[in-house]
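Architecture at a glance
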Amino acid sequence: MRGRDDVVVLGVGMHPWGKWGRNFVEYGVAAATDALGDAGLDWGDVQFVSGADTMRNGYPGYVAGATFAQALGWTGVPVASSYAACASGATAMEVARTRILAGLCDVALVVGADTTPKGFLAPTSGERPDDPDWLRFRLLGATNPTYFALYARRRMDLYGATDADFARVKVKNARHGLNNANARYRKEVTESEVLASPMVADPLRLLEICATSDGGAAVVLASAAFARRHTTEPVRVAAISTATPTYPNAVIEMPNFATDSWAAAAPPERPFKASIAAAAYDEAGIGPEDLSLAEVYDLSAALELDWYEDIGLCKPGEAERLLNDGDTTIGGRVPVNPSGGLSCFGEAVPAQAIAQVCEVTWQLRGRATGRQVEGARVGITANQGLFGHGSSVLLAR
Amino acid sequence: MTKTRVPAVEGWFTSDPDRPALLGQRCAACGTYVFPPRDRSWCPNPGCAGRQLDEVELSRRGTVWSYTDARYQPPLPYVVPGAEHRPFALAAVELAAEGLVVMGQVVPGVSVDDLAVGAPVELVVDTLYEDDEHTYLVWKWAPVAGGGGA
Ligand SMILES: [Zn+2]
């Protein structure tokens, strides 16, 4: 455990999620400006910029670090740009953190932002028969919800999860996000409204699948020494996990056609999704029993239940009980997605993992107005990006 | 005019009308399997230095690992067969001998109500979509009436 030498979150900022239809750079700059203000720093103080890429906004999106640096005004600052699908934000934070830990800089700005089209996330256009993400649409008609639904159906057939359990995750998160000014959807829903929404990919319904959104998020990371001079309420980055799977990954993952084969080598004891947070716990010497809250990637309502088990809140098959006992509701033992989660935000891919860290930071500072987890001391974020990208950030005060 | 029947993807399955099969690869050294087939020769098993993957037909029968359906029309490059979208089921199917789970559409006329985790299914080749000259074929899973797995 690194303790007092941990990298510190000095500032956080977001541009509200929505369907604003403006250029992603505008959201990123707004979030960065907020985060710098929150840190009490000027743009000129930043010694490194780490951008999380967007794949849907042309070349500027592929070089996000440089794009945001140019938009804020070239200062000669070195940049990096990361792409790891939904985990891009965590990878960008890890690039910044390791640069600070290496002693190469004291202050880094991490930014991610996206402008998204309407509807299902579809692959970029053109004939690309060598790209599995293109082929799964062509050969299978398998959208993202297809894969989430496979996991949801397995929970039902293996653990006895019900439609009502999934609906109650949505009801909980809608309530959590009600007063979150950065959330796109701020409206209570009832269980029966969720269950009356159209089926998209059986057993998942429209209100149980997250939308795609525009949004931007930024964090200012600093060395412990620098942070001591600038804040009296440091939030420590106790660990960042950017784990990848261990062969053979025996769980079918988006956008793949098949799993790895376990004919010659046994699957790892911890499936990939469970290994993501485990790597963060291992690095920090902190365990799931220490958590005050968690922000997890609820691409579907049912997927949030998988995460309860994968971040170690309970054993496989026990997530529905945790939910129904109120453990994961604000006021319960370990609230999950107090921000409202993707359910209230929709997904802005490169910004989302950073937004999770913004929320946990506000919670640990006691500034999550209208959704505060009382006495929060330790929080974790977790998500998984396409093509084997794990992402988990463990924060503590 | 008869349309030419062509696979929608080259080299992933055989179209033998009686016993179609997925075409995978097997490492000559460790025996691990690969699907879909790759155009590179090294073994994906990090514990194996094998550099030869041989083409093999995969088991034609398996058991349902999980399943769902597509109620809405998927976006391009999916091509709707026929005039309008009809919901279809999809299944991820476990092949015991190969230690693989393989996705596929389920044949038309079978809904999620007809499927269950663990149910036996077998591979068929069916129409994915058509244009003026071609019928494009793909593998699909079909329930096996009262049959056992593998
Ligand atoms: Zn091998």
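The notes below deal with the structure included here. (Residues numbered from 1 in each chain as written. Chains lettered and ligands numbered in written order. Predicted model: local features only at pLDDT ≥ 70, side-chain atom pairs only at ≥ 80, totals over all residues. Heavy atoms only, no water.)

Another aspect to go through is the layout of surface pockets. Approximately 1,000 Å³ is the volume found for the second largest pocket. Around the second largest pocket, the lining is made up of 41 residues, and of these Pro132 and Asn256 of chain A together with Pro36, Arg38 and Arg40 of chain B lie nearest the centre. Secondary-structure elements contributing two or more residues to the lining of the second largest pocket are α5 (132-140) and β10 (378-385) of chain A together with β4 (33-34) of chain B. The residue makeup of the lining of the second largest pocket, split by class, is 23 nonpolar, 9 polar and 9 charged. (1 Å grid on protein atoms, 1.4 Å probe; cavity = no way out; pocket = protein on both sides within 12 Å on 5 of 7 lines; lining within 4 Å. Points joined across faces, edges and corners; volume = space filled by probe spheres on them. Helix = DSSP H or I, 4+ residues; strand = E, 2+ residues; numbered from the N terminus. Nonpolar A, V, L, I, M, F, W, Y, C, P; charged D, E, K, R; others polar.)

What follows is about empty space enclosed by the protein. Residues and elements named next belong to chain A. A complete count under the given rule lists 2 cavities of 30 Å³ or more for this structure. In this structure, the largest cavity encloses a volume near 90 Å³. Lining the largest cavity, in full, are Met14, Glu295, Val296, Asn337, Ser339, Gly341, Leu342, Phe345, Gln352, Ala355, Gln356 and Glu359. Mapped onto the lining of the largest cavity, the elements with two or more residues apiece are β9 (293-296), α13 (341-345) and α14 (349-365). Looking at the lining of the largest cavity element by element, the count peaks at 4 residues for α14. Here the lining of the largest cavity is composed, by residue class, of 5 nonpolar, 5 polar and 2 charged.

Residue and element names in this part refer to chain B. The coordination sphere of the zinc ion contains the protein donors Cys27 (SG), Cys30 (SG), Cys43 (SG) and Cys48 (SG), at a distance range of 2.3 to 2.4 Å. Bound by 4 donor atoms, the zinc ion shows angles of 106 to 114° at the metal and therefore tetrahedral coordination geometry. In primary sequence terms, the donor set of the zinc ion follows C-x2-C-x12-C-x4-C. Highlighted residues: Cys27 in strand β3 (residues 21-27) and Cys48 in the loop between β4 and β5 (53-57), separated in sequence by 21 residues. When its relative accessible area of 12% is taken as the criterion, Cys48 is described as buried. (Donors = N, O, S within 2.8 Å, 3.2 Å for Na, K, Ca; no water. Tetrahedral: all angles 85-135°; square planar, octahedral: opposite > 155°, others 65-115°. Buried < 20%, exposed > 50% of the residue type's maximum accessible area, 1.4 Å probe, protein only.)

By size, the foremost hydrophobic cluster in this structure holds 100 residues, and its most contacted members are Ile311 and Leu394 of chain A together with Phe35, Trp139 and Trp141 of chain B. Those residues within four positions of Phe35 of chain B in sequence are excluded, and the remaining contacts are Phe257 and Ala258 of chain A together with Trp12, Leu22, Leu23, Gly24, Leu58, Leu100, Val102 and Trp139 of chain B. Formed by 38 residues, the second largest nonpolar core is a distinct cluster that contains Ala96, Ile240, Ile354 and Val360 of chain A. (Core = buried A, V, L, I, M, F, W, Y, C linked by side-chain atoms within 4.5 Å. Contact = heavy atoms within 4.5 Å.)

Glancing now at the pattern of salt bridges. Residues and elements named next belong to chain A. This structure, assessed with the given rule, holds 32 salt bridges over all chains. With a shortest N-O distance of 3.0 Å, Asp165 and Arg168 are connected by a salt bridge. Placement of the pair is Asp165 and Arg168 together in helix α7 (residues 163-176), with a separation of 3 residues, close to one helical turn. Among the residues examined, Asp165 registers a relative accessible area of 6% and is labelled buried. For Arg168, a relative accessible area of 29% puts it in the partly exposed group. Across the pair Glu191 and Arg168 runs a salt bridge whose closest N-O atoms are separated by 3.3 Å. A residue pair is termed long-range when its members are at least 10 positions apart, and Glu191 in helix α8 (residues 191-196) and Arg168 in helix α7 qualify at 23 residues. Owing to a relative accessible area of 29%, Glu191 belongs among the partly exposed residues under this scheme. (Salt bridge = Lys/Arg side-chain N within 4 Å of Asp/Glu carboxyl O.)

Before going further, it helps to spend a moment on unusual backbone geometry. Geometrically, the link from Met254 of chain A to Pro255 of chain A is a cis peptide bond, its omega value of 0° lying close to zero. Assignment of secondary structure puts Pro255 of chain A in the loop between β8 (235-241) and α10 (272-284). Note the cis peptide between Phe35 of chain B and Pro36 of chain B, where omega equals -5°. For Pro36 of chain B, the position within the fold is in the loop between β4 and β5. Residues other than glycine seldom take positive phi values, yet Phe387 of chain A does so here, at roughly 65°. Tracing the backbone through its elements, the reader meets Phe387 of chain A in the loop between β10 and β11 (389-396). By relative accessible area, Phe387 of chain A is classed as partly exposed at 49%.

Here we come to the interface of chain B and chain A. Each partner contributes residues to the interface: chain B has 47 residues there, and chain A has 39 residues. Summing both partners gives a buried area of about 3,500 Å² for chain B against chain A, and 67% of it is carried by carbon and sulfur. Summed over the three residues of chain B that lose the most area to chain A, namely Trp65, Pro77 and Met103 of chain B, the buried surface amounts to 20% of that side. Counting every contact that joins chain B to chain A gives 1 salt bridge. Across the salt bridge formed by Asp202 of chain A and Arg71 of chain B, the nearest N and O atoms sit 3.4 Å from each other. The interface formed by chain B and chain A holds 18 residue pairs in polar contact (both at pLDDT 80 or more) in total. At the level of elements, β6 (61-70), β7 (88-95), β8 (100-106), β9 (120-130) and β10 (134-143) of chain B are the ones that each hand at least two residues to the side of chain B that touches chain A. When the residues that make up the side of chain B that touches chain A are grouped by side-chain class, the tally is 34 nonpolar, 9 polar and 4 charged. (Buried area = accessible area lost by both parts, 1.4 Å probe. Polar contact = N/O pair within 3.5 Å; in protein donor to acceptor, adjacent residues only side chain to side chain.)

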